[in-house]
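Read off the chains here:
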Amino acid sequence: MAVLSVHTSPLAQPGTGDAGGMNVYVLQSALQLARRGVEVEIFTRATSSADAPVVEAAPGVLVRNVVAGPFEGLDKHDLPTQLCAFTAGVLREEAHHEPGYYDLVHSHYWLSGQVGWLARDRWGVPLVHTAHTLAAVKNAALADGDVPEPAARQIGEQQVVAEADRLITNTADESRQLVDIYGADPRRIDVVAPGADLTRYRPGDKAAARAELGLNPNELIVTFVGRIQPLKAPDVLLRAAAALVEREPALPLRIVIVGGPSGTGLDRPDSLIDLAASLGITARVTFLPPQPPERLAQVYRAADLVAVPSYSESFGLVAIEAQACGTPVVAADVGGLGVAVRSGETGLLVPGHRTDDWADALHSLLADPGRLAEMALRAPLHAEDFSWEHTADGLLESYKRANASFRRLPEHTPRRGRGLWKLRRMGGVRT
Ligand code: UDP
């Protein structure tokens, strides 16, 4: 199958720039599909002259770096200008093979959906699409300082929703949004929850994790992990921490912020450091750069709580990974976080983003070690429901449905020469 991931490479370090949960999703689902015998080729845009045209990520998983526009300096919002170049790269690659080389196209994010729609028509194979985020939903929950998604994106999303043979969502809520806002046909939607790598993210020794990261064994640690941008709301956590410390100056509270700037956060990459200073809590905040998964597991284990205060979140992989490591999560009650966290059992869901509400929620758990310990025991059990193996099973079901219902229409025009190739394969034509 061909997997399209135009704007983020599955090989990029997540947690900074445009690389986040979608990269992890594309790579982990491909690895699981390959284990089930599906050969996966992932097309992404080359962003460095050092990118080899093809990289084998694992047996059965190829990453094809398509040259479309300059390697560096292109913002995600510039990428629609490069979609033709990217599509040409994808179609040319397919043209090197026998017709029928790909059985299915799965596109991730609307930019890839635009490419997938054309590939589907040219190759005469089904298109399965995952939006990951939706402009209309994002715009309805903008953070201060966030730039709204352009109307053109919503138009592009609408087209892909209309064209895709099947749509995959993370949650039932997201399915409803596709139906209500984008007019999707509910019969073409499959809900497939994303997962976490449960072999890597599992409970471990907190003291050892703190020692490895140079964190104090006696402090109460609340950690934020993710791209630093207004939508992810790390500022909500800092403000809540300042309020807590003001109420209880002796509280040995430490906030750990892990990740790099991204999107609108890039305008002021140091803004969180400035905010901590203006709140008077600089000495209580530790900033760590984006971490590779092995180390991230230790970051989660080292924390007493992980906070996910996002304004909008289609799922929230960080919440699952943290719970898989035995760390309860305090999350905003938005999007998929309502599925990812069992409020009152494996963490708490906080309605809204008011500083006092967040300070109260954090305090209610930090001040009650017994409750926190119970949640820490329950969290990995809940996380077990979310594995990439489950995700791959759900994807395969969706692919089967896409294949079963796919009818080649006149507008699907596989390139000519199909018969010739067939004859050649059968030894009927000498070249
Ligand atoms: N991540 C990482 N290193 C970091 C920060 C984040 O590998 O330093 C990964 C994290 O493990 C998770 C993903 O980035 O899998 C973030 O996914 P999430 O769904 O939480 O947010 P998104 O980036 O999709 O908005």
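Residues numbered from 1 in each chain as written. Predicted model: local features only at pLDDT ≥ 70, side-chain atom pairs only at ≥ 80, totals over all residues. Heavy atoms only, no water.

**Description of the nonpolar core**
Membership of the largest hydrophobic core comes to 125 residues, with the highest contact counts inside it found for Val222, Leu238, Leu253, Ile255, Tyr300, Val330 and Leu362. The leading source of residues in this core is helix 8 (residues 234–247), at 9 residues. Setting aside its immediate chain neighbours within four residues, Val222 contacts Leu237, Leu253, Arg254, Ile255, Val256, Leu305, Ala307, Leu362 and Leu366. (Core = buried A, V, L, I, M, F, W, Y, C linked by side-chain atoms within 4.5 Å. Buried < 20%, exposed > 50% of the residue type's maximum accessible area, 1.4 Å probe, protein only. Helix = DSSP H or I, 4+ residues; strand = E, 2+ residues; numbered from the N terminus. Contact = heavy atoms within 4.5 Å.)

**Things to note about the layout of surface pockets**
Looking at the second largest pocket, its volume works out to about 470 Å³. Mapped onto the lining of the second largest pocket, the elements with two or more residues apiece are helix 8 and helix 9 (271–279). Class assignment for the residues of the lining of the second largest pocket results in 10 nonpolar, 5 polar and 6 charged. (1 Å grid on protein atoms, 1.4 Å probe; cavity = no way out; pocket = protein on both sides within 12 Å on 5 of 7 lines; lining within 4 Å. Points joined across faces, edges and corners; volume = space filled by probe spheres on them. Nonpolar A, V, L, I, M, F, W, Y, C, P; charged D, E, K, R; others polar.)

**What to know about the site of the ligand**
Taken together, 19 residues sit near the ligand, with Gly21, Lys232, Gln291, Leu317 and Glu321 positioned nearest. Note that a nitrogen atom of the ligand is positioned 3.4 Å from one of the side-chain N or O atoms of Gln13. Pro14 places a main-chain nitrogen or oxygen 3.3 Å from a nitrogen atom of the ligand. Of all the elements, helix 11 (residues 317–324) adds the most residues to the shell around the ligand, at 3 residues. (Near = heavy atom within 4 Å. Polar contact = N/O pair within 3.5 Å; in protein donor to acceptor, adjacent residues only side chain to side chain.)

**Things to note about the UniProt feature "binding site: Mg(2+)" (unreviewed entry) in the protein chain**
The UniProt entry lists Tyr300, Arg301, Ala303 and Thr327 under the feature "binding site: Mg(2+)" (unreviewed entry), expressed in the numbering used here. In sequence the annotated residues extend across 28 residues, while in space they remain close, none of their C-alpha pairs exceeding 6.7 Å. Tracing the backbone through its elements, the reader meets Arg301 in helix 10 (residues 293–302). If near-sequence neighbours (up to four positions away) are discounted, Arg301 is found in contact with Arg200, Arg202, Pro203, Gly204, Asp205, Lys206, Ala209, Cys325 and Thr327. By the element assignment, Thr327 lies in the loop between helix 11 and strand 13 (329–332). Its relative accessible area of 2% is what places Thr327 among the buried residues. Discounting residues that sit within four places of it in the chain, Thr327 has contacts with Tyr300, Arg301, Ala303, Asp304, Leu305, Val306, Ala322 and Ala379. A distance of 2.7 Å separates a polar side-chain atom of Thr327 from the backbone oxygen of Tyr300. (UniProt positions renumbered as here; feature names shortened; annotations may be inferred.)

**Side note on the side chain of Arg64**
With respect to the helices and strands, the residue Arg64 is situated in strand 4 (residues 61–66). Within the structure, Arg64 has its side chain in polar contact with the side chain of Glu41 (distance 2.7 Å). Discounting residues that sit within four places of it in the chain, Arg64 has contacts with Glu41, Ile42, Phe43, Thr44, Pro53, Val54, Glu93, His97, Tyr101 and Tyr102.

**A word on the UniProt feature "domain: Glycosyltransferase subfamily 4-like N-terminal" (unreviewed entry) in the protein chain**
As recorded in UniProt, the feature "domain: Glycosyltransferase subfamily 4-like N-terminal" (unreviewed entry) lies at residues 20–195. Secondary structure within residues 20–195 divides into 40% helix and 18% strand; the distance between the first and last C-alpha atoms comes to 14 Å.

**Digging into the sheet that holds strand 9 (residues 220–225)**
In a beta sheet, neighbouring strands are held together by backbone hydrogen bonds and run either parallel or antiparallel to one another. If you trace the 6 strands from one edge of the open sheet to the other, you get 11-10-9-12-13-14, paired in parallel fashion. Both edges of this open sheet fall to strand 11 (285–288) and strand 14 (347–350), since each of them pairs with a single strand only. Taken pair by pair, the neighbouring strands of this sheet meet at an average axis angle of 20°, ignoring direction. Where strand 13 lies against strand 14, 4 bridges are found, and the strand directions are parallel. (Pairing = 2+ DSSP bridges. Axes fitted to C-alpha atoms, helices over the stretch in contact; angles between N-to-C directions.)

**Description of the environment of Gly265**
Tracing the chain through its elements places Gly265 in the loop between strand 10 (253–258) and helix 9. Note on Gly265: relative accessible area 12%, which makes it buried. In contact with Gly265, other than residues within four places in its own chain, are Ile228, Gln229 and Pro230.

**Digging into the side chain of Glu313**
When you line up the elements, Glu313 lands in the loop between strand 12 (305–308) and helix 11. Judged by its relative accessible area of 13%, Glu313 is buried. One polar contact links Glu313 to Ser310, side chain to side chain, over a distance of 2.5 Å. If we ignore the near neighbours within four places in the chain, the residues touching Glu313 are Lys232, Val308, Val334, Gly335, Gly336 and Leu337.

**Describing the pairing of strand 4**
For strand 4, the buried fraction is high: 5 of the 6 residues fall into the buried class. Direction of pairing for strand 2 (residues 40–45) relative to strand 4: parallel, over a ladder of 6 bridges. Each bridged residue has a counterpart across the sheet, and for Thr44 the counterpart in strand 4 is Asn65. For strand 3 (residues 54–58) and strand 4, the ladder comprises 4 bridges, and the chain directions are antiparallel. Its bridge partner lying in strand 4, Val54 is registered against Arg64. Counting the residues that bridge the hairpin from strand 3 to strand 4 gives 2 residues, and of these Gly60 lies at a positive phi of roughly 90°.

**Points about the packing of aromatic side chains**
Tallied over the full model, the rule gives 6 aromatic pairs. Their ring planes at 75° and their centres at 4.7 Å tell us that Tyr101 and Tyr102 sit as a pair that is edge-to-face. By relative accessible area, which is 34% here, Tyr101 ends up partly exposed. On the accessibility criterion, Tyr102 (3% relative accessible area) is buried. (Phe/Tyr/Trp six-rings, centres within 6.5 Å; stacked < 30°, edge-to-face > 60°.)

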